[in-house]
Amino acid sequence: MANDLLNQPETEASAPGSVNGQKGDATSASPAETGHELDAFLGKAFEEKPIWKDLFESVHDVFFPTKLPPLELTSTPIAVADPMAVKRSPLSFAISAGINLGILALLLFAFRNQIAPVVKTVTLGNIDISAWKPTTPKAGKIGGGGGGGAHDVVPVNKGHLPKIEKNPIVPPTPVQLDKPKIPIAAAIDVQQNIKLPDNPTLPLVGATNSPNVTLASAGSGSGGGMGSGSNGGLGSGNGNGFGPGTGGNVGGGLRRIGDGVTAPQLIHSVEAEFSDEARRAKYEGTVVVTLIVDAQGNPQNVHVSRTLGMGLDEKAVEAVKQYKFKPSIDQKTGKAVPVMVSVEVRFRLY
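Source: prediction; values computed, not measured.

### Description of the overall build of the chain
Inference 1: Summing up its helical and strand segments, the chain has seven helices and 16 strands in all.
Inference 2: Out of the 350 residues belonging to the chain, those deemed buried represent 28%.
Inference 3: Contacts in the chain between residues far apart in sequence, at least 24 positions, make up 71% of those at least 6 positions apart.

### What to know about the pairing of strand β16 (residues 339-347)
Inference 1: With burial as the criterion, only one face of β16 is covered, namely that bearing Val339, Val341, Val343, Val345 and Phe347; the residues Met340, Ser342, Glu344 and Arg346 on the opposite face remain uncovered.
Inference 2: Two strands pair when backbone bridges link them, and strand β11 (residues 285-293) and β16 are joined in this way by nine bridges, in the antiparallel orientation. The residue of β16 that forms the bridge with threonine 290 is serine 342.

### What about the nonpolar core?
Inference 1: Residues Val289, Leu291, Val320, Val345 and Phe347 are the most contacted members of the largest nonpolar core, which totals 23 residues.
Inference 2: At the level of secondary structure, the elements contributing two or more residues to this core comprise β11, α7 (312-320) and β16.
Inference 3: Ignoring anything within four residues of it in the chain, the contact list for valine 320 reads Val289, Leu291, Pro299, Val302 and Val345.
Inference 4: Val205, Ala218, Met226 and Val250 belong to the second largest nonpolar core, which has 12 residues in total.

### Observations regarding the pairing of strand β3 (residues 144-147)
Inference 1: Neither face of β3 is open: one carries Gly144 and Gly146, the other Gly145 and Gly147, and all of them are buried.
Inference 2: Two strands pair when backbone bridges link them, and β3 and strand β8 (residues 239-240) are joined in this way by two bridges, in the antiparallel orientation. By the bridge assignment, glycine 146 is partnered in β8 with asparagine 240.

### A word on the packing of aromatic side chains
Inference 1: Tallying each qualifying case throughout the model produces two aromatic pairs.
Inference 2: Between phenylalanine 274 and phenylalanine 347 the ring centres are 5.6 Å apart and the planes differ by 85°, which places this aromatic pair in the edge-to-face class. Taken as a pair, phenylalanine 274 in the loop between β10 (265-268) and α6 (276-281) and phenylalanine 347 in strand β16 lie far apart in primary sequence, 73 residues in all.

### Observations regarding the sheet that holds β16
Inference 1: Taken together, three strands build an open sheet; the order of strands is β12-β11-β16 and the sheet is antiparallel. Looking at which strands have only one partner, the edges of the open sheet turn out to be β12 (299-306) and β16. Averaged over all pairs of adjacent strands, the angle between strand axes in this sheet comes to 30°, irrespective of strand direction.
Inference 2: In this sheet, β12 lies alongside β11 in antiparallel orientation, the contact comprising five bridges.

### Side note on the environment of glutamate 271
Inference 1: Looking at where glutamate 271 falls in the secondary structure, it is placed in the loop between β10 and α6.
Inference 2: Each C-alpha atom of the pair glutamate 271 and phenylalanine 347 lies 9.4 Å from the other, and the pair is 76 residues apart in sequence.

### As for the side chain of threonine 290
Inference 1: Residue placement: threonine 290 occurs in strand β11.
Inference 2: Taking relative accessible area as the criterion, threonine 290 reaches 8% and is therefore assigned buried.
Inference 3: Within the structure, threonine 290 has its side chain in polar contact with the side chain of serine 342 (distance 3.4 Å).
Inference 4: Those residues in contact with threonine 290 that sit more than four places away from it in its chain are Asn301, Val302, His303, Ser305, Met340, Val341 and Ser342.

### Describing unusual backbone geometry
Inference 1: At asparagine 301, a position not held by glycine, the phi torsion is positive, near 55°.
Inference 2: Mapped onto the elements, asparagine 301 comes out in strand β12.
Inference 3: If you check the backbone angles, methionine 310 has positive phi at about 55° while not being a glycine.
Inference 4: Its location among the elements puts methionine 310 in the loop between β12 and α7.
Inference 5: Residue methionine 310 is classed as partly exposed on the basis of its relative accessible area, which comes to 26%.

### With respect to the pattern of salt bridges
Inference 1: Applying the stated criterion to the full structure yields one salt bridge.
Inference 2: With a shortest N-O distance of 3.7 Å, arginine 346 and glutamate 344 are connected by a salt bridge.

### Structural notes on the side chain of serine 328
Inference 1: Within the fold, serine 328 resides in strand β14 (residues 328-330).
Inference 2: The contacts of serine 328, once residues within four sequence positions are left out, are Val261, Thr262, Ala263, Pro264, Lys335, Ala336, Val337 and Val339.

### So, the confidence of the model for the chain
Inference 1: Model confidence for the chain is summarised by a mean pLDDT of 74, while 72% of its residues fall at 70 or above.
Inference 2: Per-element confidence in the chain ranges from a low mean pLDDT of 41 for strand β1 (residues 18-19) to a high of 93 for strand β13 (residues 324-326).
Inference 3: Within the model, the stretch residues 1-33 combines pLDDT values under 50 with 14 contacts to residues more than four positions away or in other chains.

### A word on the environment of lysine 321
Inference 1: You can see lysine 321 is positioned in the loop between α7 and β13.
Inference 2: In this structure the C-alpha to C-alpha distance between lysine 321 and serine 269, which are 52 residues apart in sequence, comes to 9.3 Å.
Inference 3: When neighbours within four sequence positions are excluded, lysine 321 is seen to be in contact with Pro299 and Val302.

Conventions used here
- Numbers given for residues are sequential positions, taken from 1 along each chain in its written order.
- A pLDDT threshold of at least 70 governs which residues receive local features in this predicted model, and a stricter bar of 80 or more applies before side-chain atom pairs are shown or counted, although totals over entire chains, interfaces and linings include all residues.
- Side-chain numbers here rest on the full set of heavy atoms in the structure, without hydrogens or water.
- A run of H or I in DSSP becomes a helix once it reaches four residues, and a run of E becomes a strand once it reaches two; helices and strands are each numbered from the N terminus.
- Here the term buried applies to any residue with accessible area under 20% of the maximum for its type, exposed to any over 50%, and partly exposed to those in between, with areas from a 1.4 Å probe on protein chains only.
- Any two residues whose heavy atoms approach within 4.5 Å at even a single point are treated as in contact.
- Here, any two strands with at least 2 DSSP bridges between them count as paired.
- The term nonpolar core refers to a set of buried residues drawn from Ala, Val, Leu, Ile, Met, Phe, Trp, Tyr and Cys, joined through side-chain atoms within 4.5 Å.
- Here a pair means two rings of Phe, Tyr or Trp (six-membered ring of Trp) with centres within 6.5 Å. Their orientation is stacked below 30 degrees between planes, edge-to-face above 60, and tilted elsewhere.
- What counts as an axis is a line fitted to C-alpha atoms, over the stretch in contact for a helix, and the angles between N-to-C directions run from 0 to 180 degrees.
- Pairs of N or O atoms are called polar contacts if they sit within 3.5 Å, as long as, within protein, a hydrogen donor faces a hydrogen acceptor (for residues adjacent in sequence, only side-chain-to-side-chain pairs).
- Any carboxyl oxygen of Asp or Glu that lies within 4 Å of a side-chain nitrogen of Lys or Arg is treated as forming a salt bridge with it.
- The score called pLDDT rates the predictor's confidence residue by residue, from a low of 0 to a high of 100.

So this is what it looks like as structure tokens:
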């Protein structure tokens, strides 16, 4: 095709040996007369310039650019309708929404068996990991403990608990090799309706937290019994009961009033005085004071459990420290035992 463009068909006007329609010798035509061979393709004469002239014109154009006439716009804008300005028909919107919802419903129906079942979350409450506390049908009627030992260096033996009796005769002891003539089983003084943690499969009696099961040991306590406490019980307390506490029974702390323990009786009291601040403000009320009545009937560990303020709490404690009680009696043993009581001290202006 390029040959077709460059090589024009021979005609009568351009026959060989003729130039511009005139006959003559082709070899005698000059380049100016015949033109460049690219004239037919470019449509104009191909003019070659020296390199120094091109360089001069380029430098001249840089420093002295040719000023062109201002640009004139000859085109005119065509008005086009704004598709966003057209208000959409509510019917078309409803049809479109219905089609989309229908497609979504079909997809959910088709893949209904592929949806994983929802796992219900279970909220766990606080796990109680507190120390074991005995329970009894008589709420608030437990308290006390027991302990003992024989100053042994070896930890006390572990095993099942001894039986529970009202007035135990023989305290808990390790297994002895000798056989007495009148054998009496060891026992502790604990309420009958209290369930204690026990392991009857073990052969020895003793505290349940000892790792020693090879040597017979009553523990590092004193006064008979087994454990690290004293006074013929089992555990770390003071008494013939079980566990930490005082005065027998179980539950920790002091013996509680009830279940054979009588309440202390007030035999001497002192009237609490008003503070100057409360008297000037004519301030009245009741202060609750908690204290321990020991085996001699004296108040110990006196402190305020319900305050009133304005200096009346201190006045109430000062008065209660001067009280005198008839101590509580454990009817099982006939001995005085310490108990904890609360006293109300009322302040009233007359």
